[in-house]
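Summary of structural features
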Amino acid sequence: MRKDSAVADERPPRARHRLVQPTSEPDEELMRALYREHAGPLLAYVLRLVAGDRQRAEDVVQETLIRAWKNAGQLGRATGSVRPWLVTVARRIVIDGHRSRQARPQEVEPSPLEVIPAEDEIDKALWLMTLSDALDDLTPAHREVLVETYFKGRTVNEAAQTLGIPSGTVRSRVFYALRSMKLALEERGVTA
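Residues numbered from 1 in each chain as written. Predicted model: local features only at pLDDT ≥ 70, side-chain atom pairs only at ≥ 80, totals over all residues. Heavy atoms only, no water.

As a rule of thumb, nonpolar side chains are buried together in soluble globular proteins. By size, the foremost hydrophobic cluster in this structure holds 21 residues, and its most contacted members are L34, V46, V60, V61, L65 and L86. A per-element tally of this core places helix α2 (residues 26-49) first, with seven residues. Leaving out residues up to four positions away in the same chain, L86 has contacts with L34, H38, L42, T64, L65 and A68. Membership of the second largest hydrophobic core comes to 15 residues, among which are L131, A134, L135 and V170. (Core = buried A, V, L, I, M, F, W, Y, C linked by side-chain atoms within 4.5 Å. Buried < 20%, exposed > 50% of the residue type's maximum accessible area, 1.4 Å probe, protein only. Helix = DSSP H or I, 4+ residues; strand = E, 2+ residues; numbered from the N terminus. Contact = heavy atoms within 4.5 Å.)

All right, on to the packing of helix α8 (residues 140-151) against helix α10 (residues 167-187) then. At a minimum axis separation of 8 Å, α8 and α10 run at an interaxial angle of 100°. As judged from the angle between their axes, α8 and α10 are roughly perpendicular. Here A141, H142, V145, L146, T149 and Y150 of α8 come into contact with α10, specifically with V170, R173, V174, Y176, A177, L178, S180 and M181. Among the residues forming the contact of α8 with α10, the class breakdown is 10 nonpolar, three polar and one charged. (Axes fitted to C-alpha atoms, helices over the stretch in contact; angles between N-to-C directions. Parallel < 35°, antiparallel > 145°, perpendicular 65-115°, else oblique. Nonpolar A, V, L, I, M, F, W, Y, C, P; charged D, E, K, R; others polar.)

Scope: geometric values only; no functional claims are made or implied.
In C-alpha cells, the structure reads:
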C-alpha cells in the first residue's frame, strides 16, 4: 500500500474536505492531499468560468493549489472545509487574468504580418539621392539658405540671424537657389 493512499484511508469521513497536514514531509503530502481532494471539483468549477478552455482552467487550478500550499499555515488553523477558500481564490485568479488581458493589447502572431506588403523605400531613397546630388550643384551660399529655410524650417528672419546676413539677402538667395535647384532637378529627369 502506498504511503499517500494510507493517509487517505486513515482520515475520518468528516475531515474529508479539511486540509491535511501529515507529520512526515508536510509540503509534499499537503500538495498531494489538496490535489487529490480538491483538484477535480475545482477544475470543473473553473472550466465553467473560463468558457471551457481546459488549458487555462488547469493553469488556474495549479495556481490556486500553489497559493493554498503557500498559505498552509493559515489554512491549517481554519476549521471547516478548505474548498470555499480554494473556490474564491480560483475565481479571483480568473477575474485577474481577464482584467489583465483587457488592459494590454492583444498579442499578434508574426505570421500574418509577413504577408502584409511593406512600403517600398527604394523610391524614397532614390529621390533623396537625386535631391542631394542637385544640392551639390548649387553654390555654397544658395545651398546654405535652402538648408536653413526648407530643411531646418526656419523663417527668413531666423535664417538671416543664423547666417549673419540681412533678411533681404536671404529672400533673394532663396529665390535664385530655387531656380537653380529646379534646373538641376530637370537635368536629372525630375519634372514638377
